[in-house]
Amino acid sequence: MEGPFARLPEGFISEILSLTSPVDVIRASVVSKGFKPAADSDTIWEKFLPSDYQDIISRSDSAVDCSTKKALYFSLCDSPLLLDGGRMVPLIRFCCRIL
C-alpha cells in the first residue's frame, strides 16, 4: 500500500472500516490490496453480526460451520436459520451482494 494509509497500523484501518458498512468494506478491499487484510479481519465482521449471534447460532436446528466471521456473515445473508424446532429467523436484515 502506498500513500498516507501505508503508515497506519492494520488495527487502525480495521477500526475505520468497521465504522462503515459491509458493502463499503468489500469495496475498500477491492479498490486497495492494502486494505484487504484489514477488510478480512474477524474484528470488523463481528461488528456487522447481531450482538447475540452466538446464542442464536447455538439454538440453530442445523450446524453453522464457518471459519471466519466474514464467512459467517455471508452465510447468514444467504440462508436464514431454523431455531427452536423450525422457526425461521433471518439474522441479517439487509445484505447486498457486490460480486
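Residues numbered from 1 in each chain as written. Predicted model: local features only at pLDDT ≥ 70, side-chain atom pairs only at ≥ 80, totals over all residues. Heavy atoms only, no water.

A. Fine view of the overall build of the chain. What the chain contains, in helices and strands, is six helices and two strands. Starting at the N terminus, the α and β elements of the chain follow one another as α-α-α-α-α-α-β-β. For the chain, with 99 residues in total, the buried portion stands at 35%. Across the chain, contacts joining residues at least 24 apart in sequence account for 47% of those joining residues at least 6 apart. By element, 55% of the accessible surface of the chain is carried by carbon and sulfur atoms, the whole surface being about 6300 Å². (Helix = DSSP H or I, 4+ residues; strand = E, 2+ residues; numbered from the N terminus. Buried < 20%, exposed > 50% of the residue type's maximum accessible area, 1.4 Å probe, protein only. Contact = heavy atoms within 4.5 Å. Areas by Shrake-Rupley, 256 points an atom, 1.4 Å probe, with all protein chains shown as cover.)

B. Quick look at the pattern of salt bridges. The final tally for this structure, using the stated rule, is five salt bridges. Between Lys 47 and Glu 15 there is a salt bridge whose closest N-O contact spans 3.4 Å. In this pair, Lys 47 is assigned in helix H4 (residues 42-48) and Glu 15 in helix H1 (residues 10-18), connecting sequence segments 32 residues apart. A relative accessible area of 44% places Lys 47 in the partly exposed class. Accessibility expressed as a relative area gives 38% for Glu 15, which makes it partly exposed. Asp 55 is the salt-bridge partner of Arg 59, the closest N and O atoms lying 3.7 Å from each other. Through salt bridges with shared partners, a single network forms among Lys 36, Asp 40 and Lys 70. (Salt bridge = Lys/Arg side-chain N within 4 Å of Asp/Glu carboxyl O.)

C. Structural context of the environment of Ile 26. Considering the arrangement of structural elements, one finds Ile 26 in helix H2 (residues 22-31). For Ile 26, a relative accessible area of 11% corresponds to the buried category. Taking the C-alpha atoms as reference points, Ile 26 and Asp 40, separated by 14 residues in sequence, lie 8.8 Å from one another.

D. Expanded view of the packing of aromatic side chains. Per the counting criterion, the structure on display carries five aromatic pairs. When the centroid spacing of 5.4 Å and the interplanar angle of 75° are considered together, the rings of Trp 45 and Phe 48 count as edge-to-face. Placement of the pair is Trp 45 and Phe 48 together in helix H4, with a separation of three residues, close to one helical turn. Phe 48 sits in the buried class, given a relative accessible area of 16%. (Phe/Tyr/Trp six-rings, centres within 6.5 Å; stacked < 30°, edge-to-face > 60°.)

E. Looking closely at the environment of Ser 58. As for its position among the elements, Ser 58 is in helix H5 (residues 53-58). Considered as a pair, Ser 58 and Leu 83 are 25 residues apart in the sequence and their alpha carbons are 9.0 Å apart. Among the polar contacts made by the side chain of Ser 58, one reaches the main-chain carbonyl oxygen of Asp 55 at a distance of 2.6 Å. (Polar contact = N/O pair within 3.5 Å; in protein donor to acceptor, adjacent residues only side chain to side chain.)

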